[in-house]
Structures are given as structure tokens and as C-alpha cells.
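Observations on chain architecture
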Amino acid sequence: MPVEEFVAGWISGALGLVLGHPFDTVKLLGFFKGMSFPIASVAVANSVLFGVYSNTLLLLTATSHQERRAQPPSYTHIFLAGCTGGFLQAYCLAPFDLIKVRLQNQTEPVAQPGSPPPQYQGPVHCAASIFREEGYRGLFRGAWALMLRDTPTVGIYFITYEGLCRQYTPEGQNPSSATVLVAGGFAGIASWVAATPLDVIKSRMQMDGLRRRVYQGVLDCMMSSVRQEGLGVFFRGVTINSARAFPVNAVTFLSYEYLLRWWG
Ligand SMILES: CN(C)C(=N)NCCC[C@H](N)C(=O)O
């Protein structure tokens, strides 16, 4: 199994993450101190995403990354490989994403003199507390919603990227840097617009159970959110998600493509 796509995915995910960090921090008006935890989680998830995508395409079409410009895979294969990458990345990401959401929603990041300490003192403390209070399965709270969010939308991500690259690149050639940046940016936007409804539900499921369980499952969470807040609830955060998605994914795809070209 070729591993360079996993390594390129890790590095490009880390670079994209550095750009996206300020957006992530303001998204929930919470705090997400330090970069080590997000680098460890988002970059690993990106490595799984790109590595699994490329290796699934290799299985489906018997073409390596280098051969794919001369023998482009069909959009059906791209979509299936993207969905596979999205599904497995969601599984690996689930506990890390849960910790991120719990920390972001915590409004008191550091103990003030005289006030009680925050519930979670950092990522490791948060993981240990969830494990203690909610068990192993607690670490996967919201994982179904995360998988439902990521499986189709990562398919959309790669289809948009490939479609735009093919549109603006002469046949058989590698796309230019400008094309990769624009195609990567729009791939990020398209996938995040599609992902936002389930992103809202996922975050609610992840916060559920903190004091008491409110939702019976993903569907119940969707129905009661719509009942209480209307359909607009599904578009909450879509603007900031898209504003973050363009630079993050432009840089992610540019560094991924160039690392693989550089390694031959
Ligand atoms: C849930 N969605 C939209 C995705 N997983 N999209 C593909 C990768 C996105 C990239 N790592 C980012 O953080 O923007």
C-alpha cells in the first residue's frame, strides 16, 4: 500500500490547519488554546482522508497517483473513493472532534480567582473525564452524525476538486498552482455547504449527555432542532464554515499536490 499519500495528507492537513485555526477559535466564541492538540488530530484525520482516498482509487482503477493525469478515473470512482476516505476519517476523528467541541463550548477556559475551575482543564483531562463519566462509548458520542456528515461530503469534495482541475487544465497535464488553489478552495466550500446541516446536529449530539440526555438519536435531534428553531438551524455557521474552507483547502491541496510531485 503506497504510504506517501498518507504523509502528504498529514503535512498538508497541518498547513491548512494553521490557516484555519483563527476561524475555528471564533466559530463557537469559545477557546481552543494551543496548536498541538489540533495538529495531532486534524492532521492525522487529513492523512487518513487523502491516504484512504488515493488507495481506494488505486484498488478501483489500478492507477497510481502519478498515472491519474494520463488516465483520469471516472467521477463515480472518485466519489466512491472520497466517500470511503470520509467514512474512515470520521471514525478516526470522532473522539478528537468530541474533545474539541467540548473544549470550545466551555466558556471559562482558565480558573478565575474565587470561581470554580473549568470542567475540563485541557484535552487529556477532557478525554479522561468523558471516559470516567460516560465510558468508552462516551468518547464516540456524535460519531454517527459525524460519519453521516463526512461520508457524502468528502465525495463531493474530491469530485469538485477534480472537476475544476480538469475544466481548466489541458488534457494529460498537471494543473497549475493557481488552478489547484482555486479548485481546492471551491472544493472546501462545496463540501462545507453540504456538510453544515449535519455539522450543526453533530455538535448538538456531542454536547448532549453533559448534564442530561436530551436527544434519542440523530433523527430526534434533527426533528426537535427544526421544531424549535425552524429550518434555518441547518444553515447556522455556513458563512464562517465557507470563509474558513476556502483558504484551508486551497493550501491543503496545493501542498498535497506539490509534495507528491516532488517525491516523484
Ligand atoms: C466535513 N467536510 C466538509 C469535510 N470533511 N471535508 C473534507 C475535508 C475538509 C478539510 N479537512 C477542512 O477542515 O476544511
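Conventions and cut-offs
Residues numbered from 1 in each chain as written. Predicted model: local features only at pLDDT ≥ 70, side-chain atom pairs only at ≥ 80, totals over all residues. Heavy atoms only, no water. UniProt positions renumbered as here; feature names shortened; annotations may be inferred. Helix = DSSP H or I, 4+ residues; strand = E, 2+ residues; numbered from the N terminus. Core = buried A, V, L, I, M, F, W, Y, C linked by side-chain atoms within 4.5 Å. Buried < 20%, exposed > 50% of the residue type's maximum accessible area, 1.4 Å probe, protein only. Salt bridge = Lys/Arg side-chain N within 4 Å of Asp/Glu carboxyl O. Near = heavy atom within 4 Å. Polar contact = N/O pair within 3.5 Å; in protein donor to acceptor, adjacent residues only side chain to side chain. Areas by Shrake-Rupley, 256 points an atom, 1.4 Å probe, with all protein chains shown as cover. Nonpolar A, V, L, I, M, F, W, Y, C, P; charged D, E, K, R; others polar. 1 Å grid on protein atoms, 1.4 Å probe; cavity = no way out; pocket = protein on both sides within 12 Å on 5 of 7 lines; lining within 4 Å. Points joined across faces, edges and corners; volume = space filled by probe spheres on them. Phe/Tyr/Trp six-rings, centres within 6.5 Å; stacked < 30°, edge-to-face > 60°. Lys NZ or Arg CZ within 6 Å of the ring centre and 35° of its normal.

Considerations on the UniProt feature "repeat: Solcar" (unreviewed entry) in the protein chain
Sequence positions flagged by UniProt for "repeat: Solcar" (unreviewed entry) are, in local numbering, residues 73–167 and 175–262. Secondary structure content for residues 175–262 is 77% helix and 0% strand, while the C-alpha to C-alpha distance between its ends is 15 Å.

A closer look at the nonpolar core
Of all hydrophobic cores here, the largest spans 19 residues; its most connected members are Leu 49, Phe 50, Tyr 53, Tyr 157, Phe 158, Tyr 161 and Phe 253. With five residues, the top contributor of residues to this core is helix H5 (residues 143–167). Listed in part, the 10 residues of the second largest apolar core include Ala 145, Leu 198, Val 218 and Cys 221.

Remarks on the pattern of salt bridges
Throughout the structure, instances matching the rule amount to 12 salt bridges. Residue Arg 69 is joined to Glu 257 by a salt bridge in which the shortest nitrogen-to-oxygen separation is 3.5 Å. Here Arg 69, found in the loop between helix H2 (36–61) and helix H3 (75–104), pairs with Glu 257, found in helix H8 (residues 238–262); they are 188 residues apart in sequence, far enough to count as distant. With a closest N to O distance of 2.6 Å, Asp 150 and Arg 149 form a salt bridge. Judged by relative accessible area, Asp 150 falls into the buried class, the value being 3%. Classification of Arg 149 by relative accessible area gives buried; the value is 6%. Each of the salt bridges in this network shares a partner with another, and the network as a whole consists of Arg 69, Glu 162, Arg 166, Glu 257 and Arg 261.

A closer look at the site of the ligand
Taken together, 13 residues sit near the ligand, with Asp 150, Ser 191, Trp 192, Arg 244 and Asn 249 positioned nearest. Ser 191 is positioned such that a nitrogen or oxygen atom in its side chain is 3.5 Å from a nitrogen atom of the ligand. Within the contact set of the ligand, an oxygen atom lies 3.0 Å away from a side-chain nitrogen or oxygen of Asn 249. Protein coverage of the free-state accessible area of the ligand, which is 390 Å², stands at 93%. Contributions of two or more residues to the shell around the ligand are made by H2, H5, helix H6 (177–207) and H8. A total of five residues in the shell around the ligand trace back to one element, the largest contributor, which is H5. Residue classes in the shell around the ligand are distributed as five nonpolar, five polar and three charged.

A few points about the layout of surface pockets
Here the second largest pocket defines a volume of roughly 440 Å³. Lining of the second largest pocket is provided by 18 residues; of these, Arg 137, Phe 140, Arg 141, Gly 142 and Trp 144 occupy positions nearest its centre. Broken down by secondary-structure element, the contributors of at least two residues to the lining of the second largest pocket are helix H4 (123–138) and H5. Grouping the amino acids of the lining of the second largest pocket by side-chain chemistry returns nine nonpolar, four polar and five charged.

Considering the packing of aromatic side chains
Using the criterion set out here, one finds 11 aromatic pairs in the structure. Judged by centre distance (5.5 Å) and plane angle (85°), the rings of Phe 186 and Phe 246 are edge-to-face. With Phe 186 in helix H6 and Phe 246 in helix H8, this pair connects stretches of sequence that are 60 residues apart. Using a relative accessible area of 41% as the deciding quantity, one classes Phe 186 as partly exposed. Chaining the aromatic ring pairs together yields one cluster made of Phe 50, Tyr 53, Tyr 157, Phe 158, Tyr 161, Phe 253 and Tyr 256. Its guanidinium or amino end placed over the ring of Tyr 258, Arg 261 lies 4.8 Å from that ring's centre, counting from NZ or CZ.

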